[in-house]
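Reading the structure
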Amino acid sequence: MSRTRNPHPLTKAQARRIWLGAQRLTESAPFGAGPDATRAAIEHLGYVQIDTINVIERSHHHILWSRIPAYRRGDLHQAQSIDKSVFEYWTHALSYVPVRDFRFFLPAMRRHRREGHKWLTAVKSADMRKVMRLLRNSGALTIRDIDDDVLVDKSHPWASRKPSKRALQLGFYTGVLTISEREGMLKTYELMERHFGWANLPKPATAAEVTSYRLDRALRAQGVVSLDSVCYMDAPGKAATRRLIERQVRRGELIPIALEGAGKQEHWAAPAAIEARALNTELVHILSPFDPLIIQRKRTHLFFDYEHRFEAYLPKGKRVFGYFALPVLVGDAIVAAIDLKTDRQNGKILMQKWNWIGKSPRRAVKPKIEEALHRFERFQLAQ
């Protein structure tokens, strides 16, 4: 497909700046502050991944703080539960996504209604009727509000033994229920229409519209894209995405990119995206390992020559970076990976291990990183 015109060459340094600009990591406060900034950030990024690990701040709060220096946890609560501008659903993982994009997730919800969910095949109709009856009669509830007389065996390591929790999860995936509030990792479930005040659900997007949405989302948040980056964890979507990219290349809406070091892997970008971008080389970002800049490990390695290691599930003796290493971005280079742990009882962050990456001028950048660590600590320990 890229033979239709000569690919535009990009060095890794140029590609990094494009991606960083698309991720809004080249400015100090690109979205402003408050709940509106939280909504705007999630709308721009397309999704913010949720994760349960809290050895330091949970990933969804951490990702938002990286782009909103004045971010407070209550901003996300307001966006989800009061303004109702974001909701939780599955992208490549459980994530916060914008309510404006809700219709693009309806086809997946309807598919789970027809076909079930591979993780929840053992949910019984009686359990589903029980939780739906409780919700209709008593209003929103958490799993702690439901008693289960009989526990069941786990079908996979992350499954619950409580039949009611499985029923709530199935209701979530099928779009009957939504998570109206979250306190830590405790979810409050509510009927979808009642939470949003909808008489009827929005009109579902067509398959073609979903493909276009995912490509647009990737172009907005990644700048330079590949099939793997657009369809991350979605191999079945690649054929339709390739066809759409081919059409946009023929129309001049996208141009093929020859990315330094990418070999045969094809990349594309919108013409406006490859214009020179300003970069504040003084900015320091301590990133979550679930940040959109890090989560696609092969892409991060290609663009930054940095191979992130997520070692929380490795035995201690096999860890190189540490249990929960955080990549440190200075300007357009990842210069360190720091393993931190929050000591909430004593009100401080513990430095577990500091790993230098590459050939950065360590003496010059270390004071900047230490200053960023102090800001990170204040955010971590804020109530």
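What you see is a predicted model, and the numbers here were worked out from it, not measured in a lab.

Here's the deal with the overall build of the protein chain
Across its full length, the protein chain carries 13 helices and 13 strands. Since a compact globule built from 383 residues should have a radius of gyration of about 21 Å, the 22 Å found for the protein chain is in line with a globular shape. Counting only residues that meet the buried cut, the protein chain has 54% of its 383 residues in that class. Across the protein chain, every contact between residues at least 6 apart in sequence was considered, and the portion connecting residues at least 24 apart equals 61%. In the protein chain, the 63 positive side-chain charges and the 40 negative ones have mean positions that sit 4 Å from each other.

Re the packing of aromatic side chains
Scanning the model with the defined rule gives 25 aromatic pairs in all. Look at Tyr89 and Phe172: their rings are 5.4 Å apart centre to centre, the planes differ by 45 degrees, and that puts the pair in the tilted class. Taken together, the residues Tyr89 in strand E3 (residues 86-90) and Phe172 in helix H7 (residues 163-173) connect sequence positions 83 residues apart. Exposure class is identical for Tyr89 and Phe172. Each is buried. Ring geometry for Phe105 versus Tyr213: centroids 6.1 Å apart, planes at 75 degrees, classification edge-to-face.

Some points on the environment of Ser229
Residue position: Ser229 is located in helix H10 (residues 227-230). Distance from Ser229 to Gln296, taken between C-alpha atoms, is 7.4 Å for residues 67 residues apart in sequence. Not counting residues up to four positions away in its chain, the partners in contact with Ser229 are Gln222, Gln296 and Arg299. Looking at Ser229, its side chain comes within polar contact range of the main-chain nitrogen of Ser226, at 2.9 Å.

Some points on the sheet that holds strand E7 (residues 224-225)
To summarise the sheet geometry, strands pair through backbone hydrogen bonds and adopt either a parallel or an antiparallel arrangement. Strands sit in the order E1-E8-E9-E7 across an open sheet of four strands; the sheet is mixed. Looking at which strands have only one partner, the edges of the open sheet turn out to be strand E1 (8-10) and E7. Where strand E8 (residues 255-259) and strand E9 (residues 267-269) come together, three bridges link them in antiparallel fashion. Note that in E9 the partner of Ile255 across the bridge is Ala269.

What to know about H7
Counting buried positions along H7 yields 10 of 11 residues, so the element is predominantly enclosed. Among all positions of H7, only Pro163, Ser164, Arg166, Ala167, Leu168, Gln169, Leu170, Gly171, Phe172 and Tyr173 are buried. Looking at the buried residues of H7, the elements they touch are E3, strand E4 (94-98), helix H5 (106-115), helix H6 (125-138), strand E5 (177-183) and strand E6 (186-191). Taken from the residues just after H7, Gly175 is the one with a positive phi, measuring 80 degrees.

Brief notes about the packing of helix H2 (residues 35-45) against helix H3 (residues 59-67)
Running from amino to carboxyl end, H2 crosses H3 at an angle of 100 degrees, the nearest separation of the two axes being 10 Å. By the criterion of interaxial angle, the relationship of H2 to H3 is roughly perpendicular. Across the interface between the two elements, Thr38, Ala41, Ile42 and Leu45 of H2 pack against Ile63, Leu64 and Arg67 of H3. Its residues placed into classes, the contact of H2 with H3 shows five nonpolar, one polar and one charged.

A look at the sheet that holds strand E2 (residues 48-49)
Pairing within the open sheet is antiparallel, and its three strands lie in the order E2-E4-E3. Pairing within the sheet leaves two strands with one partner each, and these edge strands are E2 and E3. Direction of pairing for E3 relative to E4: antiparallel, over a ladder of five bridges. Paired with Tyr89 across the two strands is Ser95, which belongs to E4. Contacting E3 and E4, helix H4 (residues 73-82) runs over the sheet at an angle of about 85 degrees to E3.

Section: a positive patch on the surface
A contiguous patch of positive charge, built from Arg110, Arg111, Arg113 and Arg114, is present on the exposed surface. Looking at where Arg110 falls in the secondary structure, it is placed in helix H5. Judged by relative accessible area, which is 41%, Arg110 ranks as partly exposed.

Quick notes on the side chain of Thr142
Mapped onto the fold, Thr142 is located in the loop between H6 and H7. Setting aside its immediate chain neighbours within four residues, Thr142 contacts Leu186, Lys187 and Thr188.

Notes on the environment of Pro204
Within the element layout of this structure, Pro204 appears in the loop between helix H8 (192-196) and helix H9 (207-222). Pro204 sits in the partly exposed class, given a relative accessible area of 21%. Distance in space between the C-alpha atoms of Pro204 and Ala108 is 9.6 Å, their sequence separation being 96 residues. Pro204 has contacts with Arg103, Leu106, Pro107, Arg110 and Glu209, leaving out every residue within four places of it along the chain.

What counts as what
- Residues numbered from 1 in each chain as written.
- Predicted model: local features only at pLDDT ≥ 70, side-chain atom pairs only at ≥ 80, totals over all residues.
- Heavy atoms only, no water.
- Helix = DSSP H or I, 4+ residues; strand = E, 2+ residues; numbered from the N terminus.
- Rg over C-alpha atoms; globule rule 2.2 N^0.38 Å.
- Buried < 20%, exposed > 50% of the residue type's maximum accessible area, 1.4 Å probe, protein only.
- Contact = heavy atoms within 4.5 Å.
- Lys, Arg positive; Asp, Glu negative; His and termini not counted.
- Charge placed at Lys NZ, Arg CZ, Asp CG, Glu CD.
- Phe/Tyr/Trp six-rings, centres within 6.5 Å; stacked < 30°, edge-to-face > 60°.
- Polar contact = N/O pair within 3.5 Å; in protein donor to acceptor, adjacent residues only side chain to side chain.
- Pairing = 2+ DSSP bridges.
- Axes fitted to C-alpha atoms, helices over the stretch in contact; angles between N-to-C directions.
- Parallel < 35°, antiparallel > 145°, perpendicular 65-115°, else oblique.
- Nonpolar A, V, L, I, M, F, W, Y, C, P; charged D, E, K, R; others polar.
- Patch = residues over 30% accessible without salt bridge, like charges linked within 9 Å, V, L, I, M, F, W, Y side chains within 5 Å.
- Areas by Shrake-Rupley, 256 points an atom, 1.4 Å probe, with all protein chains shown as cover.
- Salt bridge = Lys/Arg side-chain N within 4 Å of Asp/Glu carboxyl O.

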